[in-house]
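# Structural overview
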Amino acid sequence: MIQETIVITQNSSGVAHIAPMGVHTQTAGDEFIILPFRPSTTLNNLLESKTAVINYCDDVRVFAGCLTGRRDWPLKAAEKINGQVLDCALAHTEVELVRVEDDETRPKLFCKAVHTVNHAPFKGFNRAQYSVLEAAILVSRLNMLPLEKIQAELDYLRIGLEKTAGGRELEAWGWLMTIIEKHIAYVASQPEAGATIAEAKP
Ligand SMILES: Cc1cc2nc3c(=O)[nH]c(=O)nc-3n(C[C@H](O)[C@H](O)[C@H](O)COP(=O)(O)O)c2cc1C
């Protein structure tokens, strides 16, 4: 099973790094596999510090924010490891790195839970949150996807968003759409293969 979480790591100077990551886990159990694509600050920090905090969070602005240059979310100190916890997390798990299966594209970082804390109740599923998560994943893969696929997926995701969103979901969606619209405008103006979102950024 893959859970979409916010992974927070720290470098040797104690600077926190916040990144959405799909963490492989079981419904019950204390093993987690974090799979960062190289190059990755999460990967570098985890290899260095051997610890991370996995945050379970229903404020989808954190997911969309990290993908759109808004990484400055309020944090507090972890309880059992030297690390940082997302202030708005519903719960978090502090993990230690146990083993690495190296790979030139996507290493597997096997971690074990050392401490889990609940902060607030889970209040149920929300379709707009799903829409924002999927749109954030689209943004992380813009370079690899044809424009027609991006448009088709957004048309579908917009249905759940428009029916069920609250303010946080609408704000997060807006940030993502700004990036996607810039990308579409750029690709439309540069039809040759190889156009990238990096080039499309302002
Ligand atoms: C829901 C979601 C899940 C993601 N899962 C992963 C993942 O498992 N591995 C990864 O490398 N990037 C993942 N990403 C993209 C990263 O969050 C993003 O590229 C980030 O900057 C990773 O690089 P970093 O470690 O250098 O921050 C995901 C993004 C989203 C929105």
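These numbers were taken from a predicted model, which means no experiment stands behind them.

What follows is about the confidence of the model for the protein. Averaged over every residue, the pLDDT of the protein is 93; the share at 70 or more is 94%. Low pLDDT, under 50, characterises residues 195-202; the predicted model gives this stretch 16 contacts beyond four residues in sequence or across chains.

Take unusual backbone geometry next. The linkage connecting R38 with the following residue, P39, adopts the cis geometry, with an omega of -10°. Residue placement: P39 occurs in the loop between β3 (31-34) and α1 (41-49). Here the phi dihedral of K50 falls at roughly 65°; this positive angle occurs in a residue that is not glycine. With respect to the helices and strands, the residue K50 is situated in the loop between α1 and β4 (51-56).

A side chain with one charge can pair with a side chain of the opposite charge if their charged atoms come near. All chains considered together, the criterion is met by eight salt bridges. E171 serves as the salt-bridge partner of R61, at 3.2 Å between the closest nitrogen and oxygen. With R61 in helix α2 (residues 60-67) and E171 in helix α5 (residues 167-189), this pair connects stretches of sequence that are 110 residues apart. One salt bridge connects R99 with E101, and the closest N-O pair in it is separated by 3.5 Å. Members of the salt-bridge network, linked through shared partners, are D59, R61 and E171.

Thresholds, definitions, all that
Residues numbered from 1 in each chain as written. Predicted model: local features only at pLDDT ≥ 70, side-chain atom pairs only at ≥ 80, totals over all residues. Heavy atoms only, no water. pLDDT = per-residue confidence, 0-100. Contact = heavy atoms within 4.5 Å. Helix = DSSP H or I, 4+ residues; strand = E, 2+ residues; numbered from the N terminus. Salt bridge = Lys/Arg side-chain N within 4 Å of Asp/Glu carboxyl O.

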